[in-house]
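Summary of the model geometry
Residue strings, one per chain:
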Amino acid sequence: MKPTASPLCENLTNQPFPADFVWGVATSAYQIEGAAAEDGRGASIWDVFAAQAGKVVGGDTGAVACDHYHRYREDVALMQSLNVGAYRFSIAWPRVQPDGAGAWNEQGWDFYARLLDALDEAGIAAHATLYHWDLPQALEDKGGWRNRDTAKRFAEYAAEFARRFGDRVRTIATHNEPLCTAMIGHEEGRFAPGLKDRKAAYQVAHNLLLSHGLAMSAMRAVDSGAELGIVLNQSPAYAAANTEAARAAARLADAMCNRLFMDPLFRGAYPADLLAHLGADAPVVQPGDMALISAPIDFLGINYYSRIWAGAAAGEQAPCALGMTDMGWEIYPQGLTEHLVRIARDYTPPPIYITENGCACADVLEGDAVHDGARVDFLARHLEALRAAIAMGADVRGYFHWSLLDNFEWDSGYAKRFGLIYVDYATQRRVLKDSARWYAAYITAQRNGATTQG
Ligand code: FCB
């Protein structure tokens, strides 16, 4: 299929990316694996949270999800049919260390060994994330990420992963989106473990960063050859009006979403304006923490979905000139360009991967097809925005589309579909959407120098 399903982007999609650019897809363990009680896996905070009434739409849980634990071979074959060269996935900590401390579960490690074998055979590079939100419940029972001790347990787990598999994966990210763990999990209470406590949330943010620093140092000691880094969700914040109040709101939103993590990682300090805003809710930092947190990383993963529209009057929305996704998130590809250029200007980041980008659509299965033109349009526009950022000097080395498969979308359960591949949950049948075929063709065109399309 010629990658021209997006008429508006037709003339843009034949622009070449760098020849060695990494084309990938992303998933995470709890969202796809299922097999929640198999082969010695321990309970995670998401098992416990999702089991509580009213926490997840439809009462859905990740107990079966996409049954990827049993169907990983089929899923790797699907990745091959998409022509991707890279796969980003996460390790379920409770699968490999059921109590989050002490004994390793060899059956759990074996699953990841089998997955890596299948990826090797398919010629697909593995990009691992150690923590994509599924903390062993046993650690939550001891205070979870509110407890500094969890950071030490995390570093032990990270070092063990690096020892076993560090030579078989291209990158290892410590955390996925610590902002969501901290704020949505501990201040808003919409994600596990479901707390509503701002002070706890900021302490969690700090303890997550600390755990990143400790894990980096433990993995450096292993020296496996994998590139080591972290994945942050970032959104540029725009003032909703040309007023000082709206500009102040945008600065604060930027501090809370972006600088909260970027400043400690790259400058060794929390933003002063954020600390002033938090007052007594600012995190407790111990001597030595910031040096650990700001130790060099090999890559930065950025997940981009939308922008923040800050300081709007009550009931007033972002312009949404390109519409909204099925999550109600504004489609704003230009924000990706502007944000990457800003990051390159304000920090000295290492090479960047776009580790997630994608959209939920209200997809409908029609026979053997899903005509998700809106996702093709979203994808084409964001790739063009990314190419523009690279042309303006941002050092971006790869793009991972979220997601390979429709999957368990956290508090939205199975109601929101992000996949390039449709999953019929009743039968576990996978069906390539139009967007999957478009992405496959796009990647081929890029490999051929992107000169034959358009
Ligand atoms: C990101 C998460 C990922 C998925 C997408 C839609 O915040 O990292 O697991 O839920 O959003």
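Worth saying up front: this structure is predicted, and the values here are computed from it rather than measured.

What follows is about the site of the ligand. Neighbouring the ligand are Q31, H132, W133, N176, E177, Y305, E356, W402, E409, W410 and F418. One of the side-chain nitrogen or oxygen atoms of N176 is found 2.9 Å away from an oxygen atom of the ligand. With respect to the ligand, the side chain of E356 contributes an N or O atom lying 3.0 Å from an oxygen atom. Surface burial for the ligand is 95%, taken as the share of its 290 Å² of free accessible area covered by protein chains. Taken together, the residues of the shell around the ligand break down into five nonpolar, three polar and three charged.

Moving on to the environment of A240. Mapped onto the secondary structure, A240 falls in the loop between β6 (237-239) and α10 (244-267). Taking relative accessible area as the criterion, A240 reaches 16% and is therefore assigned buried. The sequence separation of A240 and G311 amounts to 71 residues, and the corresponding C-alpha distance is 5.5 Å. When residues no more than four places from it in sequence are discounted, the contact partners of A240 are A246, W309, A310, G311, A312 and E316.

Moving on, we get to the side chain of E140. Secondary-structure assignment places E140 in helix α6 (residues 137-140). Owing to a relative accessible area of 11%, E140 belongs among the buried residues under this scheme.

Definitions and cut-offs
Residues numbered from 1 in each chain as written. Predicted model: local features only at pLDDT ≥ 70, side-chain atom pairs only at ≥ 80, totals over all residues. Heavy atoms only, no water. Near = heavy atom within 4 Å. Polar contact = N/O pair within 3.5 Å; in protein donor to acceptor, adjacent residues only side chain to side chain. Areas by Shrake-Rupley, 256 points an atom, 1.4 Å probe, with all protein chains shown as cover. Nonpolar A, V, L, I, M, F, W, Y, C, P; charged D, E, K, R; others polar. Helix = DSSP H or I, 4+ residues; strand = E, 2+ residues; numbered from the N terminus. Buried < 20%, exposed > 50% of the residue type's maximum accessible area, 1.4 Å probe, protein only. Contact = heavy atoms within 4.5 Å.

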